[in-house]
Every structure is written in structure tokens, then in C-alpha cells.
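# Remarks on the overall topology
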Amino acid sequence: MSKSENLIKSLIALPHEYEWLDFKESWFSKDEVGEYISAISNGAALCGREFGYIVWGIRNSNHEIIGTTVNFDKDVNHEPYKHYLARNLKPSVAFDVEDVQIDGKRLVLLSVPAAKSVPTKFLSQAFIRIGSSKEKLSKFPEWEIRLLNILSNGIPTIVSMAAPDYAQELTFEKLFMYYGAKGVALRKETFKKSLRLLTADGRYNIMALLLSDANDIPIRVSVFSGKSKADTLFSVKEYGNSCILYAMDKILEYGDAINIIQADERGRISERKDVPLFDYEAFHEAILNAFIHNKWLGMNAPMISVFTDRIEILSHGGLGLEQDLEGFYKGVSIPVNEILASIFLQLRLSERSGRGVPKIVEAYGRDSIKIEKNFIVVTIPFNRINVTPFELNEGQPTVIPTAKATINATISATINATIKLTDSQKKILEIILSDPRTNQAEIAEQLNLHRVSVAKSMSKLQKEGVLKRVGSNKNGYWEIVE
């Protein structure tokens, strides 16, 4: 198979079109092709790609190969069409047009180099792709500014982009403690340079903000009572606003705590089998990948959502710049954040062996990883044995033993081990986890206790820092905190 055939097949395998990629059937317009070349060239520069592509002979809706009749080897106004395009593209663009045969069908591959130094224009007008449409760049000043900045300074990264002005007074005590706990020496005189925490002009960058003692990047685990985000929210665990290394560790500990072991006695002859709720190794790799490959530039952290039948782990940003789909599934790792990946490797948090995605796929199949243009979601399904997470009792959800174990593990993972809880306090917290908007009267009724007794227990939990009231007494809710 030729290089061009492989390229086209890898482009077809992508889930979407991009700013640098467009599929056509047999559509052709003399000047619009030139406008598309401008848009694809500028889009490739925006995305940090060396080339962009237009492929004729592909059905856009499902990427089916159907073949094309489009012909670039013809004259336009007594001039070869390719010459017409080249003459009207400024600055000069060394595009390439190639006929390719795949499955007996003729395709046309147009390869377009990314813009360099200045935007690519056709007939003195620069174009850009917004979503799936081609637009004049001048109509979108924010995109024009972004493109000009990239053409002047290169693609922004968490190393090259400065942290906001308010985040230029950072401390790193937790980072030093983390390195020390891993047995890795970190020198105060050189750590900013060795970890690339400063921009070229000496300001703290986004990388520094991520590793600092305090930042404003929330990292949450949201627990829902059902199978969708429309269902009641059990709780929201906040692990962010601090060094992301600690936040990641806490999320991994939380996952370990809720990964209850179930007794599988189906078909039992002599010994029962102990079955975990989910494959923790796959979960571990998914969390690692989410943190390493997340697009932190937008100050958006990975999102972890726990439902009654699964965990969803979302990271922002989609595939890396030079990552293709097949390489991604085979474990050919191209980090989105190269320096952050190196820090994880240095701390032995990851191996850079490319085993993460293959491990997830081995456990749950390719369908467990959903790749979109701007995010990736990994789904870790629960393997419940002979039980469903909720049974209905007169229209009200009643937590049954498996879910109770998960809730108890959630409480254990959240509350400091030095805080001793009474049985009543544990039961109160279980009810609050299942319904954060409950009130003292409802809790007292469920536990068959006096309201005064419940009020005293909840007041003590608040003083211990275990329980917090968010919002007003009428419209607020309870939150279990660390």
C-alpha cells in the first residue's frame, strides 16, 4: 500500500473533520477551491500541523469511499488550473495534488502546507474553517489574533504560556514534599529551570501554576444517583485548587476505595470468586492519561463522573497534534504535554511504555474510549454481581447493600482517618450522600431519632470539618468535605 493510501485511510478513520481536514465528493468551484486551500493552510497553522488536507471521493457523512470525477488537470481561461491556483495564493503555497486508487475507486488528495509567518490568502483574502464551514478570517477577529500570534510565536503550550498576572506569586512546598516522598531530589536553586516552570521572559507559566501549592483549577469527582447527569447528585468531591500531583493521587485513592470486592457464588462448586466492581488497573491508566494529556491551557481539569453503572473520565483537547487513531489504540504515545509527561516519568508515576490505552482496550474494548474533536471520554463500566444499584420502594430509591458499601467507601475515602465517627454520624452521612438537599427533620424520620439528636450530631460534624452547608438553609445543600 502506498504512502498516500495509508494517509487517506488514516484521515478517514478520524471521527471528525478538523480545521485542517475536509472531505468532498465531486464538488468543484474554480475560486472556492482556492479559498479552501487558504482556509486549510491557516487551519493547519492554528492546530500546529505541518500539513492540511482536502480529499475528494469521500462521503462526508460517514467517510465512505465513493470515488470522484473532479479533475485538476484542466485549463481555466486558457491557463492550467493548478497554475491559476498557485498564481492567486499569497504567499506562495507549494500544494500538491495526487490521484489515488483505493478499492478500485479514484480519489484526489490535495496536500496543503501550513501557513508560515503570515496567513495564506487567495485573491487577497484570508480564509479559515469555523466548524465545518469556510469563512473569511476578517469576520472573526479573535481567530485572526490567535493565528497571527501562533505564526509569530508558535503554538502555545503550558510551558510557553504565562500564568495569569494574579498567579505570579507561587509557592511549591507540596511539590518538594511530593518529590521527597518519591525519593527524588529536587534542588531549590534549580527546580524552576529543570522543571521548565518559567517562560522565556522569566514569568511563571501554566506548568508552574499546575504544580504550585494553590491555584484556581477545580478538579472534581461528581457522584450521581442514576445513569445520567440528569439524575440526583449524590456528592461532589473537590480535589483541586492545589498541586495536581496530589489531586491525582487522591482521585486514585478514591477509585481504590469504591472498588468494592463482591462475592461471586454463581455456579459455585467449592470456592467462591471475589470479583472487583471494576478493573482498577484500567481505571488507573485512564486517570493517568487524563492528567498527562489534558489540554490544561484553558485551565480546565479532567472531569470524573461516577454513575450507578460506570465511571466516566473526561479529558479536554482530543488527540495530540501528530497522533493518529491507529497509533493511539496501539499505544504509540505522543504526549500532548511533553514536559508534564517527563515529570510523571521522573516520579515513576508513568512508564511511557504505551501500555495505558491498550490496557483499557483489553479490559473494555475500543468502544470504552470515545474520541471527539475537543475531548476524550473513557468509560469504566461496573461489573455488579447479582444486584442492581437501586431498588424502588414506593417510588423512593432505597440503597441496597452493594451501593451501601460504595457509599461507606466514599465516606472512608473522604474523611480523615483520625476523625472517629459514631454509628449515628455514619448513617447521617450516608443519607446526605444519597440526598445532599435533605434536612434534619427528614434525617431524623429516616433514622427514627429525635431531631435534637440529629442536630447535635450534624453540628459536631460541621465543627470537625467533615460536613459543610453550602448556600442558604432553604435552598442550599450539604457537602461532605475532607
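To keep things clear, this report deals only with the structure shown in the data block.

Read from one edge to the other, the open sheet built from six strands follows the order E10-E9-E13-E14-E16-E15, with strand pairing classed as mixed. The open sheet terminates on both sides in strands that have one partner only, identified here as strand E10 (233-238) and strand E15 (369-371). If you compare each strand with its neighbour and ignore which way they point, the axes differ by 15 degrees on average. By the bridge criterion, seven bridges tie strand E14 (residues 310-316) to strand E16 (residues 375-381) in an arrangement that is antiparallel. Note that in E16 the partner of isoleucine 313 across the bridge is valine 378. The strands that helix H9 (residues 280-293) touches are strand E13 (303-306), E14 and E16; relative to E14, the one it contacts most, it runs at about 20 degrees. Where helix H12 (residues 356-364) meets the sheet, it contacts E15 and E16, and its direction lies at approximately 45 degrees from that of E16.

In an α-helix there are 3.6 residues to a turn, and that puts residues three or four apart on one side. At the N-terminal end of helix H15 (residues 440-447), a side-chain oxygen is found 3.2 Å from the backbone nitrogen of alanine 441, two or three residues along, and the residue is asparagine 439. Two residues or fewer after H15 comes asparagine 448, characterised by a positive phi angle close to 55 degrees.

Turning our attention to the pairing of strand E2 (residues 51-56). For E2, the buried fraction is high: five of the six residues fall into the buried class. Where strand E1 (residues 21-24) lies against E2, four bridges are found, and the strand directions are parallel. Following the sheet pairing, leucine 21 is matched in E2 by tyrosine 53. You can see the chain leave E1, run along helix H2 (residues 30-46) and come back into E2, and the turn it takes is right-handed.

Taken as a whole, this structure holds 19 salt bridges when the rule is applied. Residues aspartate 99 and arginine 106 are paired through a salt bridge, measuring 3.0 Å at the closest nitrogen-oxygen approach. Across the pair lysine 139 and glutamate 135 runs a salt bridge, and its minimum N-O distance is 3.0 Å. Its relative accessible area of 51% is what places lysine 139 among the exposed residues.

Between the first and last C-alpha of helix H8 (residues 244-258) there are 21 Å, a value that for 15 residues agrees with the 21 Å anticipated at 1.5 Å per step. Every buried residue belonging to H8 is among Ile244, Leu245, Ala247, Met248, Ile251, Leu252, Tyr254, Gly255 and Ile258, and all of these are buried.

Criteria and cut-off values
Residues numbered from 1 in each chain as written. Predicted model: local features only at pLDDT ≥ 70, side-chain atom pairs only at ≥ 80, totals over all residues. Heavy atoms only, no water. Pairing = 2+ DSSP bridges. Helix = DSSP H or I, 4+ residues; strand = E, 2+ residues; numbered from the N terminus. Axes fitted to C-alpha atoms, helices over the stretch in contact; angles between N-to-C directions. Contact = heavy atoms within 4.5 Å. Polar contact = N/O pair within 3.5 Å; in protein donor to acceptor, adjacent residues only side chain to side chain. Buried < 20%, exposed > 50% of the residue type's maximum accessible area, 1.4 Å probe, protein only. Right-handed = clockwise from strand over helix to strand, strands pointing away. Salt bridge = Lys/Arg side-chain N within 4 Å of Asp/Glu carboxyl O. Expected span 1.5 Å × (residues − 1).

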